[in-house]
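Examining the three-dimensional arrangement
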Amino acid sequence: MRKLPALSAMKIFEVVGQTRSFTRAADRLNLTQSAVSRQVRNLEEQLGEKLVIRRHHHLDLTPSGIELLEALQRAFHDVELTVRNIMEKSNQHRLRVNVPPTFAKRWLMPRLGSLRRFLPEIEISITTELQDSLTERSILDCAIRFGDGEWPMLQSQLLMTERHIAVGAPQLLAGRTRSGPLDLSGLTFLHVLASTDRRYLTWQHWLVAAGLSHTDTRGGLEFDLLDMAIEAACNGLGVTVADRFMVASLMKEGRLMQVLDVEVEGHESYWLVTRAEQAEPVNVKAFRQWLHLELSRDPEPAGGKEIASKAGAV
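Owing to the predicted nature of the structure, the values given are computational and were not obtained by experimental measurement.

1. Some words on the overall build of the protein
Broken down by element type, the protein carries 12 helices and 12 strands. For the protein, the computed accessible surface area is about 17900 Å², with 53% contributed by carbon and sulfur atoms.

Printed below as a string of structure tokens:
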């Protein structure tokens, strides 16, 4: 048996550490102030170490108290996640999926009505935190990831590969020809950052395919999310290279228009990612079916063979 203080005393101390007050902790725990104080004092006696410094109107934690509070918060958080995961594993009426922010807003959100109609009995939870993972303790059911499809210990299935086109607001591009020689030097280029000090090469790849490789793309505006570059383009701030799938609805609405009939296949794709070597839950299987149904409805861009050959030359 582990020699640990009573779990109830440690939980009380966690609340005391959070509130820095016996009175506020007592209110939260529905106990008396004296009972909370006594539990903390008993814990200190068991450990042989002071945990709190009693001031006139508040409490301070000693270094040992801070250390114990941090350990308890981590432990209780892990226990909570594990319990929730166990409870949710058998819940076939909830789908928790993590997706990239731009994909969530530009592709998934316009189709949520279709998803709800396809899965009317399933509660859907969508997150966009990049740190969300599919570890065994995670409560996620699946994720959509952007990359090369190689994620250790995970199974991935290709959904769609990026098709880069240059777009801008119609009012910005008014009067400019969409075919033949085009001077882009008078336009502001909107860039997406691969890191804080480096841009993605999507503009360079597109300009090579368009026969405009000598265009100066210095300056312009930079964003850490494609969605922000797309929004800036919609507002007439400049032109950006974006995945056709992410801007298709905006082009249909007339908020964006394509700059030249040039499309370049990207080097990375969107993938449905699930846990490897694990039976696929019914809700994930249904979500997979819906994804493929929606993707089959997306029209193939014109000139697909020409586009592919241009992409290969980049």
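2. Comments concerning the environment of Ser-133
Structurally, Ser-133 is set in the loop between β4 (123-127) and β5 (142-147). For Ser-133, the residues in contact, after removing those within four places along its chain, are Ser-138, Leu-140 and Arg-145.

3. Here we look at unusual backbone geometry
Even without being a glycine, Arg-20 presents a positive backbone phi close to 55°. With respect to the secondary-structure elements, Arg-20 resides in the loop between α1 (7-19) and α2 (22-29).

4. With respect to the pattern of salt bridges
As enumerated under the stated definition, the model contains 16 salt bridges in all. Put simply, Glu-14 and Lys-11 hold a salt bridge, and the shortest N to O gap is 2.7 Å. Taken together, the positions of Glu-14 and Lys-11, both in helix α1 and 3 residues apart, correspond to about one turn of that helix. Under the relative-accessibility criterion, Glu-14 is labelled buried at 6%. A salt bridge links Glu-263 to Arg-163; the nearest nitrogen and oxygen atoms lie 3.3 Å apart. One end of the pair, Glu-263, is in the loop between β11 (257-258) and β12 (264-275); the other, Arg-163, is in strand β6 (residues 154-168), with 100 residues separating them in the sequence. In this structure, Glu-263 and Arg-163 share a single accessibility class: buried.

5. Looking at the packing of aromatic side chains
Taken as a whole and judged by the stated rule, the model has 7 aromatic pairs. When the ring of Phe-103 is compared with that of Trp-107, the centres are 5.1 Å apart and the planes differ by 25°; the resulting orientation is stacked. On the criterion of helical spacing, the pair formed by Phe-103 and Trp-107 is a turn pair, its members being 4 residues apart in helix α5 (residues 101-108). The same class applies to Phe-103 and to Trp-107, which are both buried.

6. Things to note about the packing of α2 against helix α3 (residues 33-47)
Where α2 contacts α3, the axes come no closer than 8 Å and their chain directions differ by 110°. Relative to α3, α2 is oriented roughly perpendicular. Packed against α2, whose contacting residues are Phe-22, Thr-23, Ala-25, Ala-26 and Leu-29, the element α3 presents Gln-33, Val-36, Ser-37 and Val-40 at the interface. Of the residues contributing to the contact of α2 with α3, the split by class is 6 nonpolar, 3 polar and no charged.

7. Here's the deal with the pairing of strand β3 (residues 94-98)
Consecutive side chains along a regular strand alternate between the two faces of the sheet. When you tally the buried positions in β3, you get 5 out of 5 residues, the bulk of the element. Burial along β3 is two-sided: the residues Arg-94, Arg-96 and Asn-98 and Leu-95 and Val-97 are all buried. Two elements, β3 and β5, share 2 bridges in a ladder whose sense is parallel. When the sheet's bridge partners are listed, Asn-98 is paired in β5 with Ala-143.

8. Observations regarding α5
Each turn of an α-helix holds 3.6 residues, which means side chains three or four residues apart point in the same direction. Counting buried positions along α5 gives 6 out of 8 residues, so the element sits mostly inside the fold. Every buried residue of α5 is accounted for by Thr-102, Phe-103, Ala-104, Arg-106, Trp-107 and Leu-108.

Parameters and conventions
- Residues numbered from 1 in each chain as written.
- Predicted model: local features only at pLDDT ≥ 70, side-chain atom pairs only at ≥ 80, totals over all residues.
- Heavy atoms only, no water.
- Helix = DSSP H or I, 4+ residues; strand = E, 2+ residues; numbered from the N terminus.
- Areas by Shrake-Rupley, 256 points an atom, 1.4 Å probe, with all protein chains shown as cover.
- Contact = heavy atoms within 4.5 Å.
- Salt bridge = Lys/Arg side-chain N within 4 Å of Asp/Glu carboxyl O.
- Buried < 20%, exposed > 50% of the residue type's maximum accessible area, 1.4 Å probe, protein only.
- Phe/Tyr/Trp six-rings, centres within 6.5 Å; stacked < 30°, edge-to-face > 60°.
- Axes fitted to C-alpha atoms, helices over the stretch in contact; angles between N-to-C directions.
- Parallel < 35°, antiparallel > 145°, perpendicular 65-115°, else oblique.
- Nonpolar A, V, L, I, M, F, W, Y, C, P; charged D, E, K, R; others polar.
- Pairing = 2+ DSSP bridges.

The analysis is restricted to geometry; functional conclusions fall outside its scope.
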